[in-house]
Amino acid sequence: TDYKMLELANLDHPLLRQLMLRAPGTYHHSMTMALLSEAAAESIAANALHARVACYYHDIGKSLHPQNFIENQRDGINPHDNLQPLQSAQRIKAHVGQGIALGKEAGLPQPIMNAIETHHGTSLIKYFYVKALEQAVEGEEVDEADFRYEGRRPNTREDGIIFFADLIEAACRTLRNASAEDYRSKIQELVNGALLDGQLEECPLTLKEIYIIIDSFVETLLSINHHRIEYPKMPTDKSSGNSISPSVVITLEQPNPLRP
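This write-up is about the structure you can find in this document. The structure displayed is predicted, hence computed values, not measured ones.

## Comments concerning the pattern of salt bridges
Item 1. The final tally for this structure, using the stated rule, is 14 salt bridges.
Item 2. Residues Glu7 and Lys4 are paired through a salt bridge, measuring 3.5 Å at the closest nitrogen-oxygen approach. With Glu7 and Lys4 both in helix α1 (residues 2–8), this residue pair falls three residues apart, about one helical turn.
Item 3. We classify Lys4 as partly exposed; its relative accessible area is 31%.
Item 4. In this structure, Arg153 engages Glu202 in a salt bridge whose closest nitrogen and oxygen atoms are separated by 2.9 Å. Highlighted residues: Arg153 in the loop between α7 (126–135) and α8 (157–173) and Glu202 in the loop between α9 (180–196) and α10 (207–224), separated in sequence by 49 residues.
Item 5. Overlapping salt bridges, with partners in common, bring together Asp59, Lys62 and Glu71 in one network.

Right, here's the structure in full:
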């Protein structure tokens, strides 16, 4: 019910607190996805509340092993540097099953469980698949099925929106100073690839609705990633050669002396 969804929208829920503390990069990704999905759902008269709240929980499985995902990695430490591509792919796709297990334990309702299971569909983990192809010796076969997610494909309009939002959120973040057409071109490329891969074969979204969703994504991304002015430096006092500043100066430019 909507009442249950509103209850689960509380960001103090234990699963969301755990995600925020253990996997802050994934948490931020989920919140951005929620903005994209809610606006897109409203644009086609789908269930916007369902789409937003399901986004909050769709990646809870990553909280168990956050270091496996680049958005949570810090200081250049990447465990995949020491793994074979197949091992890496297995670690990446495991977060779906782990999320389902956490969701069942917490008693999450079926609409959210569906989003956890379908947000990648059966799509290909391209980065590690291509890496495996590049590393394969002559005569070695690389099975594409080993590099595909093992979830279900989206079969509701809301799950289709969430699938698209997850697909485009990280990819569009790599665009710098992007225009509306830059976003549109990238999103259409990704959506078209998913359609050709058969990921939306069970989803009731119409072609018209997909175009409306793309337009909504573009508008939301432009709002989130709006341009900012560059702040000027303080002018220099020509008589003394010093910057104009208060008489008492507190600076934090030096390393913290209290840290060991």
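## Looking at the packing of α9 against α10
Item 1. Their axes nearest at 9 Å, the elements α9 and α10 cross at an angle of 140°. If you check the angle between α9 and α10, you find them oblique. Crossing of α9 against α10: the hand is right-handed. On the side of α9, the interface is formed by Ala180, Tyr183, Arg184, Ile187, Gln188, Val191 and Leu195, while α10 contributes Ile210, Tyr211, Ile214, Asp215, Phe217, Val218, Leu221 and Leu222.

## Comments concerning α9
Item 1. Compared with the 24 Å implied by 1.5 Å per residue over 17 residues, the 24 Å span of α9 between its first and last C-alpha is a close match.
Item 2. When we look at burial in α9, the residues that qualify are Tyr183, Arg184, Ile187, Leu190, Val191 and Ala194. End-on view of α9: buried residues confined to an arc of 140°, all on one side of the axis. Exposed side chains of α9 directed beyond 90 degrees from the buried face belong to Glu181, Glu189 and Leu196.
Item 3. Gly198 sits one or two residues past α9 and shows a positive phi near 80°.

## What to know about unusual backbone geometry
Item 1. Despite not being glycine, Ala45 shows a phi value in the positive range, around 60°.
Item 2. Its place among the elements puts Ala45 in the loop between α3 (24–43) and α4 (48–57).
Item 3. The class of Ala45 is exposed, set by a relative accessible area of 65%.
Item 4. Phi is positive for Asp75, which is not a glycine, with a value near 60°.
Item 5. Tracing the sequence through the fold places Asp75 in the loop between α4 and α5 (85–106).
Item 6. The exposure class of Asp75 is exposed, given its relative accessible area of 76%.

## Some words on the nonpolar core
Item 1. If you look at the biggest cluster of nonpolar residues, it comprises 66 residues, and the most contacted ones within it are Tyr57, Leu108, Ile112, Phe164, Ile187 and Phe217.
Item 2. Contact partners of Tyr57, with chain neighbours within four places excluded, come to Leu8, His13, Leu15, Leu16, Leu108, Ile112 and Ile116.

## Considering the packing of α8 against α9
Item 1. At a minimum axis distance of 10 Å, the contact between α8 and α9 shows a crossing angle of 135°. By the angle between their directions, the pair α8 and α9 is classed as oblique. Crossing geometry of α8 relative to α9 is assigned as right-handed. Contacts between α8 and α9 involve Phe163, Phe164, Leu167, Ile168, Ala171 and Cys172 from the former and Tyr183, Lys186, Ile187, Leu190, Val191 and Ala194 from the latter.
Item 2. Split into classes, the residues belonging to the contact of α8 with α9 amount to 11 nonpolar, no polar and one charged.

## A short note on the packing of aromatic side chains
Item 1. In the structure shown here, the tally under the stated rule is three aromatic pairs.
Item 2. An angle of 65° between the planes, with centres 5.9 Å apart, marks the rings of Phe163 and Phe164 as edge-to-face.
Item 3. For Phe163, a relative accessible area of 4% puts it in the buried group.
Item 4. Exposure remark for Phe164: the relative accessible area of 1% places this residue in the buried category.

## So, the environment of Asp2
Item 1. Mapped onto the secondary structure, Asp2 falls in helix α1.
Item 2. Along the sequence, Asp2 and Asn47 sit 45 residues apart, while their C-alpha atoms lie 9.7 Å from each other.
Item 3. Not counting residues up to four positions away in its chain, the partners in contact with Asp2 are Asn47 and Leu49.

## A look at α10
In an α-helix there are 3.6 residues to a turn, and that puts residues three or four apart on one side.
Item 1. Between its first and last C-alpha, α10 extends 26 Å over 18 residues, near the 26 Å set by a 1.5 Å rise per residue.
Item 2. All of the buried residues along α10 are Glu209, Ile210, Ile213, Ile214, Ser216, Phe217, Val218, Thr220 and Leu221.
Item 3. The secondary structure elements touched by the buried residues of α10 are α3, α8 and α9.

The rules behind these values
Residues numbered from 1 in each chain as written. Predicted model: local features only at pLDDT ≥ 70, side-chain atom pairs only at ≥ 80, totals over all residues. Heavy atoms only, no water. Salt bridge = Lys/Arg side-chain N within 4 Å of Asp/Glu carboxyl O. Helix = DSSP H or I, 4+ residues; strand = E, 2+ residues; numbered from the N terminus. Buried < 20%, exposed > 50% of the residue type's maximum accessible area, 1.4 Å probe, protein only. Axes fitted to C-alpha atoms, helices over the stretch in contact; angles between N-to-C directions. Parallel < 35°, antiparallel > 145°, perpendicular 65-115°, else oblique. Left-handed = near helix turned anticlockwise from the far one by under 90°. Contact = heavy atoms within 4.5 Å. Expected span 1.5 Å × (residues − 1). Arc of directions from axis to C-beta. Core = buried A, V, L, I, M, F, W, Y, C linked by side-chain atoms within 4.5 Å. Nonpolar A, V, L, I, M, F, W, Y, C, P; charged D, E, K, R; others polar. Phe/Tyr/Trp six-rings, centres within 6.5 Å; stacked < 30°, edge-to-face > 60°.

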